[in-house]
Amino acid sequence: MPSSRKSSRVSVAAMLTLLTGLAVTALLFIAVNALEYSKMELSFQQRGQARAAAIRRGMDDTLELVTILNGLFRSMGTVSREQFASFTQPLLERYPFVQAFNFHRVLDEAGARRLEAEMQKQSPGYRLHDTGNRPMDARPQHVIVDYLEPLEGNEPAFGLDVASIAPMLRVMNEAVDSAQARTTPLMRLQQERGTQKGFVMMLPVYRQGVELNTIERRRAAWVGNTSAVIRSADLIHKILLANDLLDDRELMLQVYIGDDLSAANLIYSRGEPVGLLPAPNAVQRWLAVDYREPYTRSFHAAGKSWHVLVTPLPRPFLPQHLGSISTLIGGLLFTLLTTAFVNSLAQRSRRVQKLVDERTHALKLSNDKLAEDVAARKRTEEALQESEHRFRRLLALSSDWYWEQDENFRFINITGGFFDKGKQDPKRFLGRTRWELHPEMWDNRWGRDHRTTLESHLPFTNLEYSLPGTDGQVHWFSTSGEPVFDRDGKFRGYRGTGTEISERKLAEQRIQHIAHHDVLTGLPNRILLQDRLTQAVAFANRSGKPLWVMLIDLDRFKFVNDSLGHKAGDQLLKTVAQRLQESVRDSDTVARLSGDEFVAILAEYPEEALSHDAAQRIMHAVTRPVMLEGKEFFVTCSIGVAIYGADGTPAQRLIEHADIAMYRAKKLGRNNTQFYEPAMNEEARERLRIESALRNALERQELVLHYQPQVDLQTGRVVGMEALLRWQHPELGMVAPCRFIGLAEETGLIVDIGAWVLRTAAAQAKAWMDAGHGMLRVAVNLSPRQFSEPHLVASIADVLQETGLPPACLDIELTEGLFMSDVAQAVELLHKLKALGVALSIDDFGTGYSSFSYLRKFPIDVLKIDRSFISDIIDGDEAAIVVSIIALAHNLKLRVIAEGVETESQLDYLRRSGCDEIQGYYFSPALPVADFELLLQQGRALQAALA
C-alpha cells in the first residue's frame, strides 16, 4: 500500500513543468497582446496620417485656387467682370466647396460713392453696405466686394465693405504687409443661410510696375484682393471624399482652425464622440486590450494653424485579439498535456531503475569475461588503424601532393607536386608553420578559425588560400588534413593532401566579373549597379549627406549607328564609358544601363560637396570630338538627376526619377541637365497616356487631315493647300499637334503616321481634281525620321502611282535643320525626290541655321517664310528680313509663300513686296474636308486681287 501511494503522487518534475508552462503561457499571452496593441496603434496612426496628409494637400490646392485667380490680375492688369466670370466659372464647377470668388477693390470715400452711383445705373437696387446690411459708414479707406461669382445665392455679400469686419480687416492688413495669402478666422458668412461657418482665403493685388520691397510701398500699391469664400465643412468633406477616407467607422475625425482645439475653432467633425482614456504607461501598454490614444497633426496654410484630431472609437474585442486568445488557450492545453506526459515519464523511470538494479549484479559477473574480449578487440583496432593509415597514404598519391606536420604544426614533409605545380620554393616551407607563411591569417577570420581547428586537433577539408609563386603569378591552393595520434592517444601532428586550383579560381573570377559587368564597356551592369546603389544609399543614410543618381543618354546615337554602322557605335560607347569614368571620382560609380544609357552614382562627402559642376564636367567630357571611321564626330548628352536625401525621393525610385528628368532634358532640346521634380511625374504619365493612345490612333481612324488654302496674290484664287494633321480622340477631344508630334517622332510612330498623311492627302487632292476643281497642289510636311528612312523615295513613288496624282501637284515640305547634319547626303536624296517630278519647299525659312549658299545646291522650288516674321512685319527689322527673303528667292527662281497672314496690312505689304502666295487666317484657317470642298465650290478668292 505505501508503495502504491508513492507511485500515484505527482512528481516534482511534473509540478515544475506545470508552473513553467503556465508562466510561459502568461508571458506569451502578454507579448502577443502587446503586439496586437501595437498593430492597432500602427493601423490607427497610418489612417490618421493619411487623413492629415489629404487635408494638408487639399488646403494647398485651395491656396492654389486663390493664387491662380490672383495671377489673372497680375498678368492682365485690368480685368473686366465678364473675364472674371468666365475665368472663375470652371473653377466653381470643379470645386463645389467654394461659396464664391471675390475681388475686393480698394477705394477712398469719393471713389466708393462713384462706384455706387455707376452700379446703380446698371442695377437700381445696388448699394454699398457694412456688415449686417447696415448703411456704409464713411471712412478713409473702403474695401468693396466689387466682383462676385456666382452672384446667385451670394447677394448679401455684393457691395459689402469688408473693412467693416474687424477680423477680415486685420487679416487683410497682414496679407498686404507680407504679400502672401492669408486666411480669416472661422466666421459666419454674410451669404450663408444655414448654420455652417466658413472662412475667406485672400491674396492682395498690387499695382503693376511698382517696387514691393517695403511694407510702405506695398500698402501704397495695394489695389485690392482676390479671395475665395470657403464653406469649411464642405471643404473637408470634399477632400476626404476625393481620397476615399469617409467610410472608416472606427475613427472620429475633427478639424480645427486657429491656435487651439477649442469648440469655437471646430470646422468639421465626423463620428460619434466618446470619452478619452489617459495615455497608458509602459506596463498598461502591455496589458491594454483596446487602443484609445488620439492622433493630432498640425500644419500651417495661408497664415493659419490647422489641427487634425483623429480619435479611435471602441471596436469589437474578439476580432482584434484572436492571436492572444488563441495563444492563451493553446498554451494552457499544451502545458496540461506536457505535465501529464512528464509525470508519466517520471513514474516509468522509477520502474526502470528498479529493473536496472536487479540486472547490475548479473552484468558484473560477465565483466571479467568481456575484459578478455576487449583486449583482443584493441589489438584488432590497432591493426585496422595501421591499415587505414596506409590507405590514406595511397589516397594522397591521387592528389597533387602530400604533406605532414609535427605536433607544433611545422611542415616536416611536402611532396614535390606542391613545388612543381605551385611554383614554390621548398626552403620557405619546411620547418615553418602555415601562419608564419601567411601572417595575414591572424587578421582574417578564416585564419583564426583554422588555428582554432588545429589546436582542437580536429580534421579540416578544402582550406583555400593563395601564395605568390616564383613565376611572379599568384597561385591558389586547396588543402585538407587530419590529426595523427600514437597508440597512447598522444597528438603527433597533422597529415593531408593538397591541390593547385589556380585555373578554377581564375575561371570563377572571370565568371563573377562577366556576371556583374557590361561586356562591351567593362562598366558595372544592372546587377552590380543595384548593389552599388544600395551601398551608396546606406552611406547617405549614415552620413546624412545627399546622393545623386544621374541618368546619361547620348543624343543622336541612332544616327551614328544608322550612318556609320554598329561597329562605330560600339567604339563610341566604349569611348564615352572611358570618359565618364575619368570625369568622376574613384569612389563614384558609372554603370551602363542599356543601349546608349549610362548611370552615375555620386555620393557627397564632408570634405567635398556635390554641385552642378559635376554634371557640367560630365557633359564637357562627352561632347569632346570622337574619331569614328576616320571622321571627327561630335556627340552630346542629356542628363537627368534624382537626389536622395534632399527632395524625398525613395531609394528604389531614384533611377526611375532620373529617367523622367532625362526625358525632360530631351524635351527641352537635348544637351542639358534637368533635376527631377515631382511635377515631372505627372508629365511622364501624360506622355505614357498619349503614347499608348497614339499607337492605336491609326487603327481606330482617329487621325484626320485639315487643309489650309494657299492663295495666289496675283489672281486671288486658291492654287493649293497644306495638309495639317489633327487627332480627334474620343476621350481627350481634339489633341493639339504639339502634344503628340514630338512623341511620335521619338517613338518612331511618325513613320507610319507620315506615310498615312502622304497617302491620304494625295488621294484627296486627286479626288478634288477629278471633281473639276483644277490642278491643286497639296503640301505635305516631311519629319526628320521620315527623311532618314532608306525607302523614302520608293514609298513616295508608290503613293503617286496608287493615287494617280500628278507629281507636279505634290509639294514635299522640309525644315532647314532636316538636312544640315549631312549636306552631301541630303543633296543626293533631294535630287532623287526631284526626279520623281514633285515640288520641294523649305518650311519655316529663316528660323534655322543653314547658310544661304546651300540654297544653290538644293533643288528647291519654294521658300515658305515663317509666321514669326509675318506677325511683326510692321516693324522695320522684320519687314527688311521679309523683303530680303523674297528678293533672294526670286533671284534663285524660287516661288515664295508667306505663312500666318492674319491682317489686311500684312497682305498689302506682302503684295507690294512681290510675294507669290499666302496662307493664313486672313483668308481661311485649316478646314475639314467637307468645309474645304465647300470653299472650292463657292469659288472664294481674295477680292482685293480681283479689283
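1. Some words on the packing of helix α17 (residues 566–582) against helix α18 (residues 612–623)
Logical step 1: Running from amino to carboxyl end, α17 crosses α18 at an angle of 150°, the nearest separation of the two axes being 9 Å. The angle between α17 and α18 falls in the class roughly antiparallel. α18 is crossed by α17, and the crossing has right-handed handedness. Contact with α17, carried on its side by Val576, Arg579 and Leu580, involves Ile618, Ala621 and Val622 of α18 and no other residues of that element.

2. Quick look at the sheet that holds strand β2 (residues 142–149)
Logical step 1: Sheet architecture is open: five strands sit in the order β2-β1-β5-β4-β3, paired in antiparallel fashion. With one partner strand each, in any of the chains shown, β2 and β3 (182–183) form the two edges of the open sheet.
Logical step 2: Alignment of strand β4 (residues 198–206) against strand β5 (residues 222–231), held across nine bridges, turns out to be antiparallel. Following the sheet pairing, glycine 198 is matched in β5 by arginine 231.
Logical step 3: Docked against the sheet, helix α3 (residues 81–94) engages β1 (98–107) and β2, running at close to 60° with respect to β2.
Logical step 4: The sheet strands contacting helix α5 (residues 166–178) are β1, β2, β3, β4 and β5, and the helix crosses β4 at an angle near 40°.

3. A word on the packing of aromatic side chains
Logical step 1: Counted by the stated rule, this structure contains 17 aromatic pairs.
Logical step 2: Seen in terms of ring centroids, phenylalanine 460 and tyrosine 494 are 5.9 Å apart; in terms of plane orientation they differ by 45°. Their pairing is tilted. In this pair, phenylalanine 460 is assigned in strand β12 (residues 460–468) and tyrosine 494 in strand β14 (residues 491–500), connecting sequence segments 34 residues apart. In terms of burial, phenylalanine 460 and tyrosine 494 fall into one category: buried.
Logical step 3: Ring centres 5.2 Å apart and planes at 75° place the aromatic pair tyrosine 707 and tryptophan 768 in the edge-to-face group. Of this pair, tyrosine 707 sits in strand β22 (residues 703–712) while tryptophan 768 sits in helix α22 (residues 749–770), placing them 61 residues apart in sequence.

4. Remarks on the pattern of salt bridges
Logical step 1: Under the definition given, this model contains 28 salt bridges.
Logical step 2: For glutamate 455, the salt bridge identified is with arginine 451, shortest N-O distance 2.7 Å. Note that glutamate 455 and arginine 451 are positioned in helix α13 (residues 445–455) at a spacing of four residues, about one turn of the helix.
Logical step 3: A relative accessible area of 46% places glutamate 455 in the partly exposed class.

5. Some thoughts on the sheet that holds strand β10 (residues 401–405)
Logical step 1: With respect to topology, five strands assemble into an open sheet ordered β11-β10-β14-β13-β12, the strand pairing being antiparallel. Edge positions in the sheet fall to β11 (411–414) and β12, since each of these pairs with one other strand and no more. The mean inter-strand angle of the sheet, taken between neighbouring strand axes irrespective of direction, is 25°.
Logical step 2: In the sheet, β10 pairs with β11 via three bridges, with the strands oriented antiparallel. Bridging from a neighbouring strand, tryptophan 403 pairs with isoleucine 414 of β11.
Logical step 3: Its contacts with the sheet put α13 on β12 and β14, and the angle it makes with β12 is roughly 130°.

6. Some details on the confidence of the model for the protein
Logical step 1: Scored by pLDDT, the protein comes out at a mean of 82, with 89% of its residues at no less than 70.
Logical step 2: Here residues 1–7 is a poorly scored stretch, pLDDT under 50, and it has three contacts once near neighbours within four places are set aside; other chains count.

7. Some points on the nonpolar core
Here is a general trend for soluble globular proteins: nonpolar side chains tend to be buried in one another's company.
Logical step 1: Val778, Leu810 and Leu910 are the most contacted members of the largest nonpolar core, which has 80 residues in total.
Logical step 2: The element best represented in this core is α22, accounting for ten residues.
Logical step 3: In this structure leucine 910 touches Leu713, Ile870, Ile873, Val882, Ala898, Val901, Cys915 and Ile918, once residues within four positions along its chain are discounted.
Logical step 4: Formed by 47 residues, the second largest nonpolar core is a distinct cluster that contains Met59, Met201, Leu253 and Val310.

The rules behind each value
Residues numbered from 1 in each chain as written. Predicted model: local features only at pLDDT ≥ 70, side-chain atom pairs only at ≥ 80, totals over all residues. Heavy atoms only, no water. Axes fitted to C-alpha atoms, helices over the stretch in contact; angles between N-to-C directions. Helix = DSSP H or I, 4+ residues; strand = E, 2+ residues; numbered from the N terminus. Parallel < 35°, antiparallel > 145°, perpendicular 65-115°, else oblique. Left-handed = near helix turned anticlockwise from the far one by under 90°. Contact = heavy atoms within 4.5 Å. Pairing = 2+ DSSP bridges. Phe/Tyr/Trp six-rings, centres within 6.5 Å; stacked < 30°, edge-to-face > 60°. Buried < 20%, exposed > 50% of the residue type's maximum accessible area, 1.4 Å probe, protein only. Salt bridge = Lys/Arg side-chain N within 4 Å of Asp/Glu carboxyl O. pLDDT = per-residue confidence, 0-100. Core = buried A, V, L, I, M, F, W, Y, C linked by side-chain atoms within 4.5 Å.

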